[in-house]
Amino acid sequence: MSVIYVLITVSLALALVFFFIFIKSVKSGQFDDTYTPSVRMLFDDEVKNKSPKKSITKTKLNS
Amino acid sequence: MKLSDICTKSLLVNKHTCFHCGIEHNESETIISQQKHFCCNGCKTVFEILNENDLTCYYDLENAPGKIPEEIKGKYDYLANPQIVEKLLEFEDEKTAIITLHIPYIHCSSCIWILENLQRLNSDISSSQVNFPKKTIRIIYSNKENALKNIVELLSSIGYEPYISLENVDNNNLKKKDNSLIYKIAVAGFAFGNSMFISFPEYFEVDEFWLNQYKSLFRWMLFFFSLPVVFYAANNYFSSAIKGLKKGILNIDVPISLGIAVLFIRSTVEIIFDFGQGYFDSLSGLVFFLLLGKFFQQSTYNYLSFERDYKSYFPIAVTKITNLKEESIQIQDLEKGDRLLIRNQELIPIDSILINGNAMIDYSFVTGEVTPVHKKSGDKIFAGGKQLDGILEIEAIKTMSQSYLTQLWSNDVFAKNKEDNFKSITDSISKNFTIAVLFIATISGGYWFFIDTAIAINVITAVLIIACPCAIALSAPFTLGNMLRIFGRHKFYLKNATVIENMAKINSLIFDKTGTLTSTLTQQITYEESELFKSEKQDITSILKNSNHPLSRMLYDYLKTDITSTVSNFNEILGKGIEGTINDNHYKIGSKKFVIGKTQNDDDTAVYISINSEFKGRFSFQNQYRKGISGMFNKLTRYFKLTVLSGDNDGEKQNLEKLLPKNIELIFNQKPENKLSFIDSKQQNSNEKIMMFGDGLNDAGALAQSNVGVAVSENINVFSPACDAIIDASVFTKIPQFLKLAKQSINVIKWSFGLSFIYNIIGLYFAVTGQLSPIIAAILMPLSSISIVLFVTLMTNFISRKLKN
């Protein structure tokens, strides 16, 4: 079998994988809200920074 | 650091900025908690709630992000009723429930943060997620008794009161978003990309041995790529063309579907009989670009709704009194004779008679009139009014569907879809275009028929392929879609692109008065008669502070002096006025009858003041006209017929005549149905294309009947009636510019039509001479589409550059 069949199958399979990933992400609502996640990802840091500080002060007080 | 700066700054000027909501207030009013200043107890309470739960990060993200929480006692009691709750929920089983609530106040990153950390305030909540563009929050919580009521009350207590209305119950299941266009674009784009890739080699190396060996494999792959494009992605064009033909209309989808069908059939025939490689890549590209145009034209304002009716104003449930017991009952289940309890700030859901209580009804939803009306026991109260002063007991005299307000909605105009009767600029050109294309195809086919039959068929199909009006079909969506976005950036929000085409045809403008020409936010308060001393002003303010009457509150905000003294003998006489004694001075504040004793009626709204039975003066309240109205009317009157259509009495007639140019028709005392029929008769008799500007529900009929109905809104998050467009009050005076731009966009479309005709003529030259090779089609079709899109985008941005300042 010629190599061209392998190449075409591989390239087509790859394209189809991307195609189905896109359809699936639309279905799951990934594109319904394109703004909030961009804000949300910034919060994680702040909450993490805050809570360790709190725990440190608390332990200090206890000891 | 920032916050301490603010604190020191405010200390210097003896004014404080509320740490929670940012309202500036005086030293005497401030409430201090943990070295932070608050304007009221409400704000302080929110801070304390958040502080106790380690949620003060809320204040770090944005400065003063909060809102004064509203008094909601008892308002959400109906959420204890499982039958009502069930209708609101998105999902429910024994353990968990999911609800999506609309919270109009969501406005900044602090809002998102606090609302997504709700589980730290209420352990029933397992998670919550904000959709910022839609201003909604989706809460997953454990389904216990009263859980939803607690959640809603929690939200309200921290200033994020959700908006729950009758509409939530009715439309809960219909809100699924239609993604089919996106899927179709994905399919067409996928096929387009892959078929370009596969058809490319054959464009250049026709007779190479290696290529010849795999030619048929490539061609059949192209064929299979095009199948989903023709039968799935393009199916709307076929169905629309057939629909149009059945009605006898040659719409733009007719030549498009003809082009697609011919492309597909000819290409298939070519590869079956090995004539050539076909035009499959052009076919997928064509459909892909057309669908992109459709996508671009789609409206994009998630958080605005243009379809609201009275249902979005009405609460879901009211409190019914049976045998001295209160219970929540759904509005649909109300019957004649039911006794209802209406709390402060609640809407009267049904036409009824007042039994008990101090009724101060704001009918601005229904009539547009902002000054509240006082009603006595036994008076009739119409649905749609909002109670402003304390608790009422009323008895329903009709069912909800028979109420005056709801009957307005049974008018046919609300069932009509304006777009159905609308002939777009593209459709009007497509008729001649289609006929011309068919004509050229026949003539050139006929000519070649006598020379070579094979070439004749070749030529006819080539003409139909190349004339497929892709560029024409793209002109309008991209021009109007881009204009829609530009308008939106300038706070003029259109329902869809068709509205721009309608705006370009307008020759008559009608304005509502109250709330449209006047601003509901600012009332002009003027004081007349003998002057008041500073101490007297302070005394009056102190007395006013005790009253909840809307006029008292407006006057209190207007005077804004420090409160010095304590009031003794304070007395509020319902519907008349208030009195009180300060430092042996007896103040009477209220209606003319109450203060002076005369019974003559005044037309305007005023508060009279007397000290120790001696008349001092009066504060009169007037609606303030928006700034720049006069200039705007002078500009408009040159091009349009202008009318002012008001639901009020003609008390303002002289003021308006002074303010506006001479030739404007002023019509007063118009009930909602009068407004509707006025517009209808103008459209029928003098063939006017009317653009109506209004604000309240009272204009809803007129907005629906007019060619373009525009709702004027002080705050676009607050609900406006069903309309074609919403304009932010701050840009109201830009209307002449918007109208001019609408006209210019139509010109842009016409120019781009001209450009696409040039492409068509070039293409037709190749087609009628029988030289249309797949490679020419593959170059010419995308080139024309892309250059048209570029042209209209640049032009629309160019013509709208003046709006920016």
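In this text the structure is predicted, and so the values were computed from the model without any measurement. (Residues numbered from 1 in each chain as written. Chains lettered and ligands numbered in written order. Predicted model: local features only at pLDDT ≥ 70, side-chain atom pairs only at ≥ 80, totals over all residues. Heavy atoms only, no water.)

Draft legend 1. Representation of the overall build of chain B within the structure. On a plain count of helices and strands, chain B comes out with 27 helices and 30 strands. In chain B, which comprises 805 residues, the proportion classed as buried is 54%. Across chain B, the fraction of contacts at a sequence separation of at least 24, relative to all contacts at a separation of at least 6, is 67%. (Helix = DSSP H or I, 4+ residues; strand = E, 2+ residues; numbered from the N terminus. Buried < 20%, exposed > 50% of the residue type's maximum accessible area, 1.4 Å probe, protein only. Contact = heavy atoms within 4.5 Å.)

Draft legend 2. Fine view of empty space enclosed by the protein. Residue and element names in this part refer to chain B. Taken as a whole and assessed by the stated rule, the structure comprises five cavities of 30 Å³ or more. Along the walls of the largest cavity sit I466, C468, P469, C470, A471, I472, S756, Y759, N760, L780, M781 and S784, which together make up its complete lining. Going through the elements one at a time, α16 (470-489), α26 (735-768) and α27 (774-799) are the ones with two or more residues in the lining of the largest cavity. Its residues assigned to classes, the lining of the largest cavity comprises nine nonpolar, three polar and no charged. (1 Å grid on protein atoms, 1.4 Å probe; cavity = no way out; pocket = protein on both sides within 12 Å on 5 of 7 lines; lining within 4 Å. Points joined across faces, edges and corners; volume = space filled by probe spheres on them. Nonpolar A, V, L, I, M, F, W, Y, C, P; charged D, E, K, R; others polar.)

Draft legend 3. Examining the sheet that holds strand β7 (residues 125-131) of chain B more closely. Residues and elements named next belong to chain B. Pairing is antiparallel across the open sheet formed by four strands, whose spatial order is β5-β6-β8-β7. Of all strands in the sheet, those with a lone pairing partner are β5 (91-92) and β7, marking the two edges. Here β7 runs beside strand β8 (residues 136-142); their pairing, made up of six bridges, is antiparallel. By the bridge assignment, S128 is partnered in β8 with I139. (Pairing = 2+ DSSP bridges.)

Draft legend 4. Structural view of the environment of B:Q407. Residue and element names in this part refer to chain B. Relative to the assigned elements, Q407 resides in helix α13 (residues 404-408). Distance from Q407 to A383, taken between C-alpha atoms, is 11 Å for residues 24 residues apart in sequence. Excluding anything up to four places from it in sequence, Q407 contacts S401 and Q402.

Draft legend 5. Seen up close, the packing of aromatic side chains. Residues and elements named next belong to chain B. Summed over all chains, the structure comprises 39 aromatic pairs over all chains. Aromatic pair Y76 and Y78: ring centres 6.1 Å apart, planes at 55°, arrangement tilted. Here the two residues Y76 and Y78 agree in accessibility, since each one is buried. One aromatic cluster is present, built from ring pairs that chain together W220, F223, F224, F231, F264 and F280. The ring of Y232 has K184 lying over it, and the distance from NZ or CZ to the ring centre is 5.8 Å. The aromatic ring of F296 is capped on one face by R485, whose charged end is 4.2 Å from the ring centroid. (Phe/Tyr/Trp six-rings, centres within 6.5 Å; stacked < 30°, edge-to-face > 60°. Lys NZ or Arg CZ within 6 Å of the ring centre and 35° of its normal.)

Draft legend 6. Summary view of the confidence of the model for chain B. This prediction gives chain B a mean pLDDT of 81; 89% of its residues lie at or above 70. Reported confidence for the predicted complex is 0.75 by ipTM and 0.77 by pTM. (pLDDT = per-residue confidence, 0-100.)

Draft legend 7. Just the packing of helix α14 (residues 425-449) of chain B against α26(B), in detail. Residues and elements named next belong to chain B. Contact pair α14 / α26: the axes reach a minimum separation of 13 Å and the direction vectors enclose 10°. As judged from the angle between their axes, α14 and α26 are roughly parallel. Along its contact with α14, which presents I425, T426, I429, F433, I440, S444 and W448, the element α26 presents I746, I749, K750, F753, F757, N760, L764 and V768. The class makeup of the residues in the contact of α14 with α26 is eleven nonpolar, three polar and one charged. (Axes fitted to C-alpha atoms, helices over the stretch in contact; angles between N-to-C directions. Parallel < 35°, antiparallel > 145°, perpendicular 65-115°, else oblique.)

Draft legend 8. Structural context of the nonpolar core. Residues and elements named next belong to chain B. Membership of the largest hydrophobic core comes to 125 residues, with the highest contact counts inside it found for F492, M503, L509, F511, F633, M691 and F732. With twelve residues, the single largest contributor to this core is α26. Excluding residues that lie within four positions of it along the chain, L509 makes contacts with L636, F640, K641, L642, T643, M691, F693 and L739. Within the second largest apolar cluster, 55 residues are counted, among which are C39, C108, I112 and I139. (Core = buried A, V, L, I, M, F, W, Y, C linked by side-chain atoms within 4.5 Å.)

Draft legend 9. Layout of a nonpolar patch on the surface. All names here are of chain B. Taken together, the side chains of W220, F224, I265, V269, I272, F273 and F275 present a nonpolar region at the surface, about 750 Å² in accessible area. When residues in the nonpolar patch are grouped by element, the largest group, three residues, is from helix α11 (residues 253-272). As for its placement among the helices and strands, F224 is situated in helix α9 (residues 209-233). (Patch = residues over 30% accessible without salt bridge, like charges linked within 9 Å, V, L, I, M, F, W, Y side chains within 5 Å. Areas by Shrake-Rupley, 256 points an atom, 1.4 Å probe, with all protein chains shown as cover. Salt bridge = Lys/Arg side-chain N within 4 Å of Asp/Glu carboxyl O.)

Draft legend 10. Structural context of unusual backbone geometry. All names here are of chain B. Positioned with a positive phi, K135 is a non-glycine residue whose angle comes to about 55°. By secondary structure assignment, the location of K135 is in the loop between β7 and β8. Taking relative accessible area as the criterion, K135 reaches 11% and is therefore assigned buried.

Draft legend 11. Fine view of helix α15 (residues 453-466) of chain B. Look at α15(B): 20 Å from first C-alpha to last across 14 residues, which is about the 20 Å you get at 1.5 Å a residue. Of the positions making up α15(B), those classed as buried are B:A456, B:V459, B:T461, B:A462, B:V463, B:L464, B:I465 and B:I466. (Expected span 1.5 Å × (residues − 1).)

Draft legend 12. Highlighting the packing of α26(B) against α27(B). All names here are of chain B. Contact pair α26 / α27: the axes reach a minimum separation of 10 Å and the direction vectors enclose 165°. Classed by the angle they form, the pair α26 and α27 counts as roughly antiparallel. For α26 against α27, the interelement crossing comes out right-handed. Contact residues: α26 offers L741, Q744, S745, V748, W751, S752, L755, S756, Y759, G763 and F766, while α27 offers I776, L780, L783, S784, S787, I788, F791, V792, M795 and I799. Looking at the contact of α26 with α27 residue by residue, the classes come out as 14 nonpolar, seven polar and no charged. (Left-handed = near helix turned anticlockwise from the far one by under 90°.)

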